[in-house]
Structures are given as structure tokens and as C-alpha cells.
Amino acid sequence: MEHASLASPAAAHAGMHADPSAHTPAPSFWPILLAGGMGAVVFLVFLVYLGVPLAGVLLAAAVLYTLVAASGWANTIAVERRHMDQVQTNKDLTRGFFFFLASEGMIFVSYFEYLYYSRFTSAHWPPAGMPTLETTLPAIATLILVGSSFTLNWAVHALLHGKKTAAKNWMLLTIAMGITFLGMQGFEWGFLNGVLGFTLTTGAYSSAYFLMTGFHGAHVTVGLLMLALVYWRMEKGEYNQQYHMSLKAAEYYWHFVDIVWVFLFFSLYLFQSH
Amino acid sequence: MSTHVATAGVTQPRQYHGVLDWITTTDHKKIGIMYIVFALINGWLGGSLAGLIRLNLYNPDWHIVSPALYNQLMTMHATIMIFLTLMTAFAGFGNYLVPLMIGARDMAFPKLNAFAFWLLIPAAMMLYGSFFVVGGAAADGWWSYPPLSTAQFSAGHGEDLWILAVILLGISSIMGAINFLVTVIDMRAPGMNWMKLPLFVWSWVVTAWMLVLAVPVLSGALFMLLSDRWLNTGFYRPALGGDPLLYQHLFWFFGHPEVYIMILPGFGMISHIIPSMARKKLFGYKGMVMAIWSIGVIGFMVWAHHMFTAGISASARVFFSMASMFISVPTGVKIYSWLASVWGGVIRFTTAMKFALGFIFTFVLGGLSGLMLAVVPFDILVHNTYFVVAHFHYVLVGGSVMTLFAGTYYWFPKITGRMLSEKLGSWVFWLFFIGMNWVFMPMHLLGIEGMARRVANYRIEFRPLNQFISEGFIFMLLAGILFTYSIIKALREPKTAGDDPWQANDIELHLEWATSSPPPAYNFAEIPEVD
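Residues numbered from 1 in each chain as written. Chains lettered and ligands numbered in written order. Predicted model: local features only at pLDDT ≥ 70, side-chain atom pairs only at ≥ 80, totals over all residues. Heavy atoms only, no water.

Asker: I would appreciate a short explanation of the overall build of chain B in the present structure.
Answerer: A count of helices and strands for chain B gives 17 helices and zero strands. In summary, chain B has a C-alpha radius of gyration of 23 Å against a globular reference of 24 Å for 531 residues, a match within 12%. Its C-alpha atoms give chain B principal-axis dimensions of roughly 70 × 50 × 45 Å. When each of the 531 residues of chain B is scored for burial, the buried share is 65%. Contacts in chain B between residues at least 24 apart in sequence constitute 82% of all its contacts with a sequence separation of at least 6. (Helix = DSSP H or I, 4+ residues; strand = E, 2+ residues; numbered from the N terminus. Rg over C-alpha atoms; globule rule 2.2 N^0.38 Å. Buried < 20%, exposed > 50% of the residue type's maximum accessible area, 1.4 Å probe, protein only. Contact = heavy atoms within 4.5 Å.)

Put into C-alpha cells, the structure is as follows:
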């Protein structure tokens, strides 16, 4: 702070007169509505667990309400942003989104920590009584998911070069590949559950397996929803070379989900015995 | 979203009035005030639980509370004080002050800011409500270690509500932290480069980083715990090949950074108050910045010092013991820099300064007992005794709470335009300072003599010291009453504080003192430029 001083002390002093150009953020009901919705969802999950009658119906309603509140919020932001410096707000939102992904990554880190800790403290791996996981199908699924990162990249590239039809086609292919990946994952879960009797409660190892793949699968699902939303907005022709923040966000999210999967594939499938 | 582009001619958005104004506000100053009021209310509630605990320990034969309720009180006291009081109080001051200090008109994401605050309400309702469900509130301590927290030993649904509430609070903290980071990175006034950033802002940057990286790990650990309880998974169940020790690793990977999350913003406050009151520039600004970062980084490498008796390997004990001691180096840099800033100054013993100097004294004591606990053989001896209770209360009450008092007395004029009574303030300081030392100092002795923590009863020879401690609590209570009264009294007085009541800007430039008290909705009529 040694050298800090005000360039023009009087100018900083806001006590003078209200500057008509000083824009303050608009008040909004969305934050409290969304917070209430999230609180209600969490509490109703608890009531469903307790088996309270009608809790399931209420939970569905609360989830729907929360989604509506979130979309209302997103819509307000989209409208507000038209009056703002696009470059700067894009920078802010992108940065914020990266920090969000960093915290998401740390949740996965806690699960990986669990997996590797169990692995290096147990005598056998996979633990006694647990099946060795088949790797061919997951390897194909991995190729498909990693491939979808490339097709998504091409979609974004095409859009930014004005090739809107190509962009939409690449985007559709990406979504199809994502759904295929989820389908293969579901098939494997069914096989492990039904044929091998390897379930969530078989042991700590299977719990970790299902938690990690399930948590990842939930992220793929969210990513697919984002991509579907982006596709819808592409159809409406809402993106151009400057205005495509949500497209970028969906892209980063999808790459993030991919990278996490590569780590999962190596940790859960490739290096099974030690 | 962001407001740093003041487009000429933009009409002011619609404003609501009264309660609706507070509910819909996206102004960082109003959100900051709501955080602070929320923290004060929860401080009273969490403090009342501490009062019940002390009342019970005054004479356990009176059976003021049942042992089962005692465990709930002790668990909820910690949870409320940590998650609903200290973290929210610092978030409140951060929200109010950071945009002002960097010369911005608001946070980068004003709505997200409001959202992070409102998320606290359902979480708090679930925590307080859990006292009234079958089996009562969570009763296994704020760590919630399995196997004690499993469905087998904590069958009540208070534990489930506790887990869900803490996950919600985590989401709120992460959203708030992301907002702080983007705000400081993108919205500094022209010329406000990183090495001119006020130390309170620096401390929040590091705190926010720690929140983003540490809190998700707690969420992950709690998610696995909940799944063990609800879905019968085997994460922490040895019978299924799981390991309860792993929960401790994950919990403290969050829990130790959490300790710094609760003290770093306080360090930042002290770094503002001392130069202003000693009428001398802060000694060693660069060293202070590096010290905050070192604490933030090393803070992630010391977690297992909470687990010396839990069965970790000898080499892990050595590593974590040394890493923990190493953290005293950057902490020492801060302490010595504050002392050097005071040295030779023309000291004004305002209430803020008394709390700041008192903080240095009590925090050093807490740090020293921390060093003792980092020594493995000593830790094994006093683990889970009142020595540990004494240590972390010196850090959290002697550290965090003292800095919050100091910060309140220092920035109250800025936030409200009114001065807090210095005469009452002196009483508040001495009552609190004497009270907290009275209460927590003898706990060191109790611990060394072997009184276990978290137990509703004790051996008869501990009674005199316990009664002595409970009497000291009255001093802290009186300080709390006077402090609250002082705030209410000041709020009824006219706004006479002026822009810079402490003449802080004669010593070092701080932008919050360059605008009016309280600042207008848009903070600065023109975004200031800093040379």
C-alpha cells in the first residue's frame, strides 16, 4: 500500500451528488425463491426417506419449482446482459464457472481419495469376493465419450466460423454420443447388478464403484441437458461470433466431465490388480 | 450482472421498500448487513447453548440437562458457532467491505451473492428444527465421525438433518467464495494492482480459495456418510471392507483449512486497525501478503495432526507434526509485523485497538498451545481432553471473535454512519477479555489433569475448577449484553460519524474511508483511480 493514493480524491467521494449514470444492480426475487426451492428439495428428500405420505409428490413439485426459478433467474440475466458490457460480463461468468468446476473437481477428488486409500490399505485388489471388472465395453464407452469432446469442439468451431448447419449437426452427434455413453453405462450397471450380483451394498468397493460412476453419470446427464439447451438456442439462431457465453460454458462443462471420466476409467477399470 | 460499466443514461431499476427491499436486494452492503445480523443472532443462540453447558458443568448433580441432551447441546454449539456465526460474520464484513475497498460498485454476481445468503435460512431452520425431531439433534460432535454417526449409533434423524444442513451451508459458502474471487480479480478500480490490494481483501482472496477447494471435500465425505446411513453402503463400515478412518482424513482435509477460513479474514481486519490506531503505516506489507498465502497453502498439508491417536503411521505423524509447526513461521511473520507496526506509534487506545491488541495476546496463547499439540507425545497425552478445548477456544474466541469485535468497533461508523460508545466499548472489552481468559485458561489445567471433553459429568476433584470456569462465563455474558445494547443504542442516534472518523486515510489510503458513511447505493459517484 505504500504508494497508493487517489488520482483525484474529490471524484471518488460519492457524497457529492447522486450520479445519474451510476448504475446499481436491480433488485430481484429470484435468489430468495431459488434458495427456498433448494432448501425445500433437500428437506423433502429427507421426508421421502422417512416415508412420509405425499412427500414424493411434493418433492417432484419442489424440483419443478426450483427448475422454474433457476430458468427465471437465467432469463433475467440474459435480458440484463443486453445492456451491459458483453466482453466484461463474459469474462466474469467464465471465470466464475471455472471456479465452480474447480469445486466440482474437489468433490471427485474426495471420492478418488477414498478409492486410492482403500486400494493401498487392502491386501487384495479388487477386494476378496469382488469381481474383476470387464474392460472392453468401458473402453469403447471411453472412446465414445472422449470422441464427443472432439465433435463438440468442431461444433463450436463451425459456429464461430458461421457454418450454422455444420455446427448443429456436430452438436446433434455430440448429444447422441453422450446418450450412447449413458446407455452403455446403464447396460454395465444392469449386468453387474443382475448377472454378477455386484450391488451398491455388496461392499465398500462396490459402493465406491457405483457412487463414482453414478455421480459421474449424473454430471453427464446435466451436461447433456446443457447441450440440449444450447442446441435449442442454436436452432433459434441466438448465437453469433460475440454472443455465445452459454455455449462456451456447456463446452467447458462437457470437457470437464470427459476428463473426470478418463481418470475414472484408469482408476476403476484399467489398473485393477496390484 | 456486474456493474462496473456505468452506461450513461441507464435508468435506475425499480426499488422496493421495507421488508421487500431487504428480500429482493442485490446490494452488497445490504447483504453484508444481513449476514452480520444473522451472525449476531446465531452468536446469541450458540452462546446460550454454551451457557447451558457451563450451567450443567457447574454441578452435574443438579442434572440441569440429561447426558443425551448435553451431547446435543455440545454438538450444536460447535455447529452453530462455526457455520452460522463465525463464517457468516466474516462473510458479512467481506461482502460489505471488499467491493468498497477495491473501488467497485458491487460484487461481480450480485444475485448469486443474495442467493448464498438466503440459502443459510433453510439450513439454519433444519439445524434448529432438528432439536424437535425424534431422538433430538445430532449428538456426535461437529466432526460427526463414524462409527458414532452411523445409523447404528446415531439412530435419530437429527443426524440426517445435520448432514443435509451442512451440505446446504457448503453450497452457500462455495457460491460466496466464487463471487469474492471473481470480484477481486475482475473489478478492482483502475490502478488498484495486486500489490496495492488492502490486506483484508487479500485475506478474503486466500480464504475464498480455501473455501472452493476444501468445502467440496466435506460435502463428498458427508454424502458418503449419508449414503451409509440411508442406502446401507459400506464406505465407512469395516464389515463391508470400508474404513472409518478415511472419514477422518476427508473431514480434516476440510476441517483444518476451515480453521484458517475462520481466522484469515480476522487477520486482515487487524492489519487495517493497527496502522490506523497506532498512526503508523503497516510494517511489512509484502511479508504479510506472503504470510497469508503460506498459511493458505500449508493449511492444506497439516490435516492429520488431528488424528495422531487415530492409528496413522509413524512417518505420517512425523510429517504432519513438522508441517504443523512450520505454519507458525508465517503466523509469526504476521504477529511480529503487527507488533512492529505498533512500535513507536502514537497509539490511540480506542475499543477497536484494545480488541486488536487483546487479540494479539490471546491468539499467541492459542498458537503456543497449538505448537504443544503438534508435538506427538504431548498430543497423545492430552488428546480429547479439555486442553484441546482450551486451545481451540483461544484460537476461535481469542482469535476470531476478538477480531470480529475489533472489526465491528472499527467499521460500524462506516456501515451505519454512527459511532459506537467508546465508554461502553471499554466495558465490553474488559469484561470480554477477562471473561474469556477466566473461562478458557483453567481448561488447560483441567486437560492436563485428564478431564475428558464432551462428557456431561466429571470426577469430583474437577469440581472447583469447573465452578470457577462457569463463574467466568458471566463476564462473557455481560460483555455480550452490553455489546448488543451498545449497538441498539447507537442505531437510535443521529448519523454524525463523517466519512473517515478514524482519520485512517491520513496514514494509508483505504477507499472505504474515501466515500460517505454509510456509502450511497452505488458506493462511488465516479470509480476512483488509484496511483
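Let's pick the thread back up.
Asker: Just checking my understanding: could you explain the overall build of chain A for this structure?
Answerer: The helix and strand tally for chain A stands at eight helices and zero strands. Across chain A, helices and strands are ordered from the amino to the carboxyl terminus as α-α-α-α-α-α-α-α. Taking 2.2 N^0.38 as the reference for a compact globule, 274 residues should give roughly 19 Å; the C-alpha atoms of chain A span a radius of gyration of 24 Å, well beyond that estimate. Seen through its principal axes, chain A has C-alpha atoms that stretch 75 × 50 × 50 Å. Expressed as a percentage of contacts within chain A between residues at least 6 apart in sequence, the contacts between residues at least 24 apart total 76%.

Asker: I tried to follow the confidence of the model for chain B on my own but got confused; where do I start?
Answerer: The predicted coordinates of low-pLDDT regions are not to be read in fine detail. All names here are of chain B. Residues at a pLDDT of 70 or more form 98% of chain B, whose mean pLDDT is 94. Taking the mean pLDDT of every element in chain B, the minimum, 94, falls on helix α1 (residues 19-24) and the maximum, 98, on helix α16 (residues 422-449). Two summary scores accompany this predicted model of the complex, namely pTM at 0.94 and ipTM at 0.91. (pLDDT = per-residue confidence, 0-100.)

Asker: Teacher, can you tell me more about the environment of Ser486(B) here?
Answerer: Examined against the element boundaries, Ser486(B) turns out to sit in helix α17 (residues 463-491). Residues in contact with Ser486(B), not counting those within four places in the same chain, are Tyr409(B), Leu420(B), Ser421(B) and Leu424(B).

Asker: What should I look at first to understand the domain arrangement of chain B in this one?
Answerer: Accessible area lost upon the coming together of the parts serves often as the stated size of an interface. All names here are of chain B. According to the domain assignment, chain B consists of domain 1 (26-251) and domain 2 (263-517). Here the C-alpha centre of domain 2 lies 19 Å away from the C-alpha centre of domain 1. Opposite the 54 residues of domain 1 that make contact, domain 2 presents 60 residues. Across the domain 1/domain 2 interface, buried area totals approximately 4700 Å², and carbon plus sulfur atoms make up 73% of it. Our count for the domain 1 to domain 2 interface comes out at one salt bridge. (Domains from an automatic or database assignment. Buried area = accessible area lost by both parts, 1.4 Å probe. Salt bridge = Lys/Arg side-chain N within 4 Å of Asp/Glu carboxyl O.)

Asker: Please explain the nonpolar core as it appears in this structure.
Answerer: Nonpolar side chains in soluble globular proteins tend to be buried together. In this structure, Met171(A) and Trp338(B) are the most contacted members of the largest nonpolar core, which totals 260 residues. Counting residues per element, this core draws most heavily on helix α7 (residues 199-231) of chain B, at 21 residues. Setting aside its immediate chain neighbours within four residues, Trp338(B) contacts Phe267(B), Ile270(B), Ser271(B), Ile274(B), Leu282(B), Met288(B), Phe359(B) and Ile360(B). Ranked by size, the runner-up nonpolar core spans five residues in total, among them Phe378(B), Val382(B), Phe387(B) and Val388(B). (Core = buried A, V, L, I, M, F, W, Y, C linked by side-chain atoms within 4.5 Å.)

Asker: Is there a simple way to explain the packing of aromatic side chains in this structure?
Answerer: Here the distance between the centres and the angle between the planes together describe a pair of aromatic rings. Across all of its chains, the model carries 75 aromatic pairs over all chains by this definition. For the pair Tyr116(A) and Phe120(A), a centre-to-centre distance of 6.1 Å together with 25° between the ring planes defines the contact as stacked. Highlighted residues: Tyr116(A) and Phe120(A), both in helix α4 (residues 86-121), separated by four residues, approximately one helical turn. Here Phe117(B) and Trp118(B) contribute two aromatic rings whose centre-to-centre distance is 5.0 Å and whose plane-to-plane angle is 75°, an arrangement assigned as edge-to-face. Among the aromatic residues, ring-to-ring pairing joins Trp125(A), Phe181(A), Trp189(A), Phe198(A), Tyr205(A), Tyr209(A), Phe210(A), Trp261(A), Phe265(A), Phe266(A), Tyr269(A) and Phe271(A) into one connected group. Across the ring face of Trp194(B), the terminal group of Arg188(B) is positioned such that the distance to the ring centre comes to 4.2 Å. (Phe/Tyr/Trp six-rings, centres within 6.5 Å; stacked < 30°, edge-to-face > 60°. Lys NZ or Arg CZ within 6 Å of the ring centre and 35° of its normal.)

Asker: Sorry if this is basic, but what is going on with the environment of Thr151(A) here?
Answerer: Residues and elements named next belong to chain A. With respect to the element layout, Thr-151 can be found in helix α5 (residues 136-160). With 22 residues separating them in the primary sequence, Thr-151 and Leu-173 have C-alpha atoms 7.2 Å apart. For Thr-151, the residues in contact, after removing those within four places along its chain, are Trp-170, Leu-173, Thr-174 and Met-177.

Asker: Would you mind going over the confidence of the model for chain A with me for this structure?
Answerer: Taken as a whole, chain A shows an average pLDDT of 88; of its residues, 91% reach a score of 70 or greater. When pLDDT is averaged over each element of chain A, helix α2 (residues 30-50) of chain A comes out on top at 96 and helix α1 (residues 9-12) of chain A at the bottom at 48.

Asker: Would you mind going over the domain arrangement of chain A with me for this structure?
Answerer: Domains assigned within chain A are domain 1 (29-79) and domain 2 (97-270). A C-alpha centroid distance of 25 Å is found between domain 1 of chain A and domain 2 of chain A.

Asker: Sorry if this is basic, but what is going on with the side chain of Thr88(B) here?
Answerer: Residues and elements named next belong to chain B. With respect to the element layout, Thr-88 can be found in helix α3 (residues 67-101). From its side chain, Thr-88 meets the backbone oxygen of Thr-85 in a polar contact 3.1 Å long. Non-local contacts of Thr-88, meaning those with residues more than four positions away in its chain, are made with Tyr-35, Phe-38, Ala-39, Phe-83 and Leu-120. (Polar contact = N/O pair within 3.5 Å; in protein donor to acceptor, adjacent residues only side chain to side chain.)

Asker: Which parts of the structure should I look at to understand helix α6 (residues 158-186) of chain B?
Answerer: Owing to its 3.6 residues per turn, the α-helix aligns residues three or four sequence positions apart on the same side. Over its 29 residues, α6(B) runs 42 Å from end to end, which matches the ideal 42 Å to within 8%, given 1.5 Å per residue. With 27 of 29 residues buried, α6(B) lies mostly within the body of the structure. (Expected span 1.5 Å × (residues − 1).)

Asker: Is there a simple way to think about the environment of Thr132(A) in this case?
Answerer: All names here are of chain A. Relative to the helices and strands, Thr-132 resides in the loop between α4 and α5. In the structure, Thr-132 is positioned 137 residues away from Tyr-269 in sequence and 8.5 Å away in space, judged by C-alpha atoms. Excluding residues that lie within four positions of it along the chain, Thr-132 makes contacts with Pro-126 and Gln-272.

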